[in-house]
Amino acid sequence: MNNNDKISPAVIRRLPKYYRYLGELTKMGLNKTSSRELSEMTGFSASQIRQDLNNFGGFGQQGFGYDVENLRNEIARILGLDKKYKIIIIGAGNIGQAIANYTGFYEADYEVVALFDKNPKLIGMSMRNALIKDIDELEEFLNVENIDIAVICTPKSVSQQVAEQLVQCGIRAIWNFAPKDLKMPDYVHVENVHLNESLFSLTYYYNQMNKKKSE
Ligand code: NAI
């Protein structure tokens, strides 16, 4: 096995897509696949896929292709999806509640164990099995509970301060929905999610299509 620390971020970003499509193949009852078939499904070239998987030792056999279950399990292991993760959400408004209610995370062994908010109207409510707690209890909670990932769903005006508090309490992985880049030390990994950016790209292509139609 190669050193996964040296794998480029672009490869790591493609792995979840391979994992998802291998899951589709499993559901269809297929146990063998090829880089060409994966290419048709994912839109990445077959050579790109072979190159990506070679980073981890290949997993394929000449003339046979890939064993779907084995490859999916290997990718799960590389990404760390073979473990359970405990998540907390800071900001239990629209986005925070939507994430807490999304059942897909539970299927993949991510458990939202609590939400935190400052709004007294929300504190004490439950989202699935997770309670919305007072943000003032955050530090005490993190001193006791082993939390892997924190999700920031607060207004951007407080997101940096919330992130700093989380890091002080030992959090090292932040999934940030607030539209502000967080300034964090190197040992903290932040993944930003911006639905708007995706929508804006779509808007561009929509307008390009319309332009072509009217030409
Ligand atoms: P919201 O107003 O429904 O929820 C925000 C929640 O944060 C409220 O319940 C509020 O009481 C709480 N809050 C405020 N200050 C807090 C603090 N110091 N500690 C704990 N909780 C605090 O807003 P919504 O629509 O859920 O959006 C949340 C964030 O997500 C915003 O920053 C928004 O811009 C962003 N957003 C991001 C999207 C994305 O694609 N990344 C899409 C939509 C929203």
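Residues numbered from 1 in each chain as written. Predicted model: local features only at pLDDT ≥ 70, side-chain atom pairs only at ≥ 80, totals over all residues. Heavy atoms only, no water.

Draft legend 1. Looking closely at the UniProt feature "DNA-binding region" (unreviewed entry) in the chain. With numbering aligned to this structure, UniProt lists the feature "DNA-binding region" (unreviewed entry) at residues 17-56. The distance from the first to the last C-alpha atom of residues 17-56 is 16 Å, and the span holds 70% helix and 5% strand. (UniProt positions renumbered as here; feature names shortened; annotations may be inferred. Helix = DSSP H or I, 4+ residues; strand = E, 2+ residues; numbered from the N terminus.)

Draft legend 2. The arrangement of the site of the ligand in detail. Among the 21 residues in the neighbourhood of the ligand, the closest are listed as I95, D117, T154, V193 and L195. In the model, an oxygen atom of the ligand is placed 2.6 Å from a nitrogen or oxygen of the D117 side chain. Protein chains shield 75% of the accessible area of the ligand, which is 850 Å² for the free molecule. Within the residue set of the shell around the ligand, elements represented by two or more residues are helix 5 (94-101) and helix 8 (156-168). Counted by class, the shell around the ligand contains twelve nonpolar, six polar and three charged residues. (Near = heavy atom within 4 Å. Polar contact = N/O pair within 3.5 Å; in protein donor to acceptor, adjacent residues only side chain to side chain. Areas by Shrake-Rupley, 256 points an atom, 1.4 Å probe, with all protein chains shown as cover. Nonpolar A, V, L, I, M, F, W, Y, C, P; charged D, E, K, R; others polar.)

Draft legend 3. Local environment of the UniProt feature "binding site: NAD(+)" (unreviewed entry) in the chain. UniProt's feature table lists "binding site: NAD(+)" (unreviewed entry) at G91, A92, G93, N94, I95 and G96, given in the numbering used throughout. Set against the second largest pocket, the annotated residues that line it come down to G91. With respect to the helices and strands, the residue G93 is situated in the loop between strand 3 (85-90) and helix 5. Secondary-structure assignment places G96 in helix 5. Contacts of G96, omitting those with residues within four sequence positions, involve I89, G91, L115 and C153. (1 Å grid on protein atoms, 1.4 Å probe; cavity = no way out; pocket = protein on both sides within 12 Å on 5 of 7 lines; lining within 4 Å. Contact = heavy atoms within 4.5 Å.)

Draft legend 4. Looking closely at the domain arrangement of the chain. Per the domain assignment, the segments making up the chain are domain 1 (4-79) and domain 2 (85-196). Measuring from the centre of the C-alpha atoms in domain 1 to the corresponding centre in domain 2 gives 31 Å. (Domains from an automatic or database assignment.)

Draft legend 5. Region of interest: the layout of surface pockets. For the largest pocket, the calculated volume is near 1800 Å³. Taken together, 28 residues form the lining of the largest pocket, with P16, L79, L81, Y110 and E191 sitting closest to its centre. Contributing elements (two or more residues each) for the lining of the largest pocket: helix 1 (9-27), helix 4 (68-79), strand 3, helix 6 (104-107), strand 8 (173-176) and strand 9 (189-192). It is helix 1 that provides the largest number of residues to the lining of the largest pocket, a total of seven residues. Along the walls of the second largest pocket sit 13 residues, with K118, I135, T154, V158 and V162 positioned nearest its centre. Every element with two or more residues in the lining of the second largest pocket is listed here: strand 4 (110-117) and helix 8. By residue number, the principal contributor to the lining of the second largest pocket is helix 8, which donates five residues. Here the residues of the lining of the second largest pocket sort into six nonpolar, five polar and two charged. (Points joined across faces, edges and corners; volume = space filled by probe spheres on them.)

Draft legend 6. Expanded view of the environment of N73. Locating N73 in the fold gives a position in helix 4. Between the C-alpha atom of N73 and that of L195, which follows or precedes it by 122 residues, the distance is 29 Å.

Draft legend 7. Layout of the environment of L142. Topologically, L142 is positioned in helix 7 (residues 138-144). Each C-alpha atom, one on L142 and one on G170, is 7.8 Å from the other, the two residues being 28 residues apart in sequence. Leaving out residues up to four positions away in the same chain, L142 has contacts with I88, I147, L166, C169 and I171.

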